[in-house]
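Listed below are the residues making up each chain.
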Amino acid sequence: MKVESAEILLRVDNLVKHFPIKRGIIIQKTIGAIHAVDGVSFNIHKGETLGLVGESGCGKSTTGRTILQLYRPTSGHVYYNDIDLSTIKGEELRKMRRKMQMIFQDPYASLNPRMTIGEIIGEPLVIHHLADKKGTQARVEDLLELVGLSGRFYNRFPHEFSGGQRQRIGVARALAVNPDLIICDEPISALDVSIQAQVVNLLEDLQKEFNLTYLFIAHDLSMVRHISDRVAVMYLGVIMELATRYDLYNDPLHPYTKALLSAVPIPDPVAEEKRHRTILKGDVPSPVNPPSGCRFRTRCPIAVEICAQLKPEFREVKPGHWVACHLV
Amino acid sequence: MTQPVSLENNEFGAGGRPISVKGESLFRDSVRRLARNKAAVVGGTIIVILILVALFANVVAPYPYAEQTLVDQNKLPQWVLSLFPTMKPYAQLSSDYFIGADYVGRDLFSRIIFGARVSLTVAFIGPLISLLIGVTYGSISGYFGGRLDNLMMRVVDVLYAFPSLLFIILLLAFFRSTFAHPTPGTFTYTMSQLDSASGGLLFIFIGIGLTAWETMARLTRGQVLSVREKEFIEAARTLGAKDGRIMFRHILPNVVGPLVVAETLAIPGYISTEAFLSFIGIGVNPPTPSWGSMISDGAQVIRTYPNQAVFPALALAITMFAFNFLGDGLRDALDPRLRGNQ
């Protein structure tokens, strides 16, 4: 486990991303907004892996993309080594992109089918003028070997590879510019279980070798537990709980985290028999019109009156253990 | 920690097939599948032959297209007579002309050969104009999206509702009017001169160009919109790629397939537009032969000399079929869902 006092690489401060809903053919009116991310704050320390978990549509991916400024935040700040990414743009931002890369969820959609593997992995080098033609090829071949593929694949096309291989190509592309931070946006959820382990192990090996920092977005709790140093749980655009891996899985404080963890099957028939499940009622409310007060109150088994009136503060209840709940 | 397993790395793929080091691009795969489509190959061959014939019309054609031999008017060879026996009572036979001569004694066959020039020029200029304008317009609209997209597409909607044929006719009536006598130096005069210099083709190009790009713009916009949302575009942006690079390296190569298919299938439309304009007498200037004007001339005597209308019509039909077959074949070959089949 990493030391808590390590240098902070990325600081996300009250990040908000709303997507406006427009109506009208020529004159468009904004009639509402999807509150995808609604005030998220956390730090990522250098060299650690922060897991970000939550249900589909809770804003995990949007958080990742807003950090990388693929979406500009509605409000809030993202500090990378004290540089505020949310205020810089143009050439300045383009230069910063070298430091932060992303691995995408769908290995079939994230590689351009018309480009060769060499062109795909070499593209960041070309964009940032990091190597000449010969140097690019040598570097790409090195990267291919690094992610467990053969350098001979240089001239082949994405459609000739399997999902796992493609994901490795995506990893190689992200590594090409020697980034410090990699945002892994559900990098394994589109893969077979057997391939998932390979890719996760690859990510871990690379982290050790290059001292990478990961923001690991996923909805597979056991995989997050395996790879993360700390874990944040998101629900409807808000972080509900943030703690070290050990604390979160052994001593979850937020009722939502408890319910989530109770849904994980235990691979032991005797223990599985005794597993107590907290079944949440209803569906996730619409992010267009999120509930007042605590976002989770409509499905919370222990909700009381104050939950509807006041938004719970995201506070540190134990050292390094943050929770947003009135009742903790 | 276990090392990443690299089972994929061995020399042989599934079923022991050796993995080639050189990959097969989607383009080469498409060409391979196009070559297996018989109709497309036939269509393509016909088009190639037509192009060659049009290019070397001077060599291939037995007579110049404007050479009149008045004593030979409406003469036809024996095999055409047996094809249309109704002409027997009045037909004058002559073996000098392959499919007969027209009402002023010009060789029909030579005129069909020279007529291919007009049709093929239209078949290549039409797509050129519509691709140039349509793809540029559509990709800007689709890529930047939002309000600009909305505005640009409404403009297309308005133009789309415009009766284009009527517009072309108006255009021609205005610029070719014999009453106008435009003074030298004015725009109208220059246009008229250019039109005569191109044998009347200029306004056909303008007419086709003004209307054909709208469909392409819509199609391009739709394609760009769908590709723009793909993850590899986001990946390129994460890498720091600029708009130009994303457009030309990532989006356009991925939308070019459907555009080529649509354009190939639109070519018969351009050819028939030209034929129609020439048929109603506002196309190419005589004596430049065009299949449309030849059908028009032949139609006047279709009861007495059907060969004069049937053969140019046949040439037109074969050409349009050829482009359609090729277009269909391209569509099948470029369809990614069928990749690897056949």
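On a predicted model such as this, the values are computed, not experimentally measured, just so you know.

Asker: I tried to follow the overall build of chain B on my own but got confused; where do I start?
Answerer: Looking only at helices and strands, chain B features 13 helices and zero strands. The secondary structure elements of chain B, listed N-terminal to C-terminal, are α-α-α-α-α-α-α-α-α-α-α-α-α. Scored against the burial criterion, the 342 residues of chain B give a buried share of 44%. The contacts of chain B with a sequence gap of at least 6 include a subset with a gap of at least 24, amounting to 71%.

Asker: Could you clarify how one ought to interpret the sheet that holds strand β1 (residues 8–23) of chain A in this entry?
Answerer: Hydrogen bonds along the backbone pair up the strands of a sheet, which may run parallel or antiparallel. Residues and elements named next belong to chain A. Here we have four strands laid out as an open sheet, ordered β2-β1-β4-β5, and antiparallel in their pairing. Lying at the two open borders of the sheet, with one neighbouring strand each, are β2 (29–45) and β5 (83–84). Here β1 pairs with strand β4 (residues 75–80) via five bridges, running antiparallel. The partner of Leu-10 across the bridge, within β4, is Tyr-80. Sitting on the sheet, helix α1 (residues 60–67) touches β1, β2 and β4, and the angle it makes with β1 is about 110 degrees.

Asker: Can you help me understand the pattern of salt bridges in this one?
Answerer: Side chains that differ in charge, positive against negative, can pair when their charged atoms come close. Under the defined criterion, the tally for this structure stands at 20 salt bridges over all chains. One salt bridge in this structure joins Glu-119 of chain A and Arg-249 of chain B, with 3.5 Å as the shortest N-O distance. Of the two residues, Glu-119 of chain A sits in helix α3 (residues 117–127) while Arg-249 of chain B sits in helix α11 (residues 243–279), which places them in two different chains. For the salt bridge of Asp-251 of chain A with Lys-318 of chain A, the shortest nitrogen-to-oxygen distance reads 2.7 Å.

Asker: Honestly, the sheet that holds strand β7 (residues 181–185) of chain A in this entry has me stumped. Any pointers?
Answerer: Residues and elements named next belong to chain A. With respect to topology, eight strands assemble into an open sheet ordered β6-β7-β8-β3-β9-β10-β12-β11, the strand pairing being mixed. With partners counted over all chains shown, the strands left at the sheet margins are β6 (100–103) and β11 (315–318), one partner each. Looking at each pair of strands side by side, their axes are set apart by 25 degrees on average, direction ignored. Packed onto the sheet, α1 meets β3 (49–53), β6, β7, β8 (213–218) and β9 (230–235) and runs at close to 150 degrees relative to β8.

Asker: Can you help me understand a nonpolar patch on the surface in this one?
Answerer: Residues and elements named next belong to chain B. A grouping of Val-48, Leu-52, Leu-55, Phe-56, Val-59 and Val-60 is seen on the molecular surface, where their side chains present a nonpolar patch of about 570 Å² in accessible area. Only α2 (38–55) and α3 (57–60) provide two or more residues apiece to the nonpolar patch. With three residues, α2 is the largest single contributor of residues to the nonpolar patch. By secondary structure assignment, the location of Leu-55 is in helix α2. With relative accessibility at 55%, the residue Leu-55 sits in the exposed group.

Asker: What am I meant to see in unusual backbone geometry here?
Answerer: Residue and element names in this part refer to chain A. With phi around 50 degrees, Asn-81 is a residue other than glycine that occupies positive phi space. Within the secondary structure, Asn-81 sits in the loop between β4 and β5. Take Asn-81: its relative accessible area is 37%, and that puts it in the partly exposed class. Residues other than glycine seldom take positive phi values, yet Asn-211 does so here, at roughly 55 degrees. Take Asn-211: it is sitting in the loop between α6 (193–210) and β8. Residue class for Asn-211 comes out partly exposed when judged on its relative accessible area of 43%.

The rules behind each value
- Here the residue index of a chain counts from 1 through its sequence in written order.
- Chain letters and ligand numbers both follow the written order, the letters beginning at A and the numbers at 1.
- The predicted origin of the model limits local features to residues at a pLDDT of at least 70 and limits the giving and counting of side-chain atom pairs to 80 or more, whereas totals for whole chains, interfaces and linings rest on all residues.
- Just so you know, side-chain values use all the structure's heavy atoms and leave hydrogens and water out.
- Working definition: helices are DSSP H or I runs of at least four residues, strands are E runs of at least two. Numbering for both runs from the N terminus.
- Throughout this description, buried means an accessible area under 20% of the type-specific maximum (1.4 Å probe, protein chains only), exposed means over 50%, and partly exposed covers the range between.
- In this analysis, two residues are considered to be in contact whenever any of their non-hydrogen atoms come within 4.5 Å of each other.
- Two strands pair if DSSP finds at least two bridges between them.
- Each axis is a line fitted through C-alpha atoms, taken for helices only over the stretch in contact, and angles between the N-to-C directions span 0 to 180 degrees.
- Whenever a carboxyl oxygen of Asp or Glu lies within 4 Å of a side-chain nitrogen of Lys or Arg, that contact is scored as a salt bridge.
- Only residues whose relative accessible area exceeds 30% and that form no salt bridge enter a patch; like-charged residues are grouped when within 9 Å of one another, and nonpolar side chains (Val, Leu, Ile, Met, Phe, Trp, Tyr) when within 5 Å.
- Here the accessible surface of atoms and residues is derived via Shrake-Rupley with a 1.4 Å probe, and residues count as covered only by protein chains that are part of the display.

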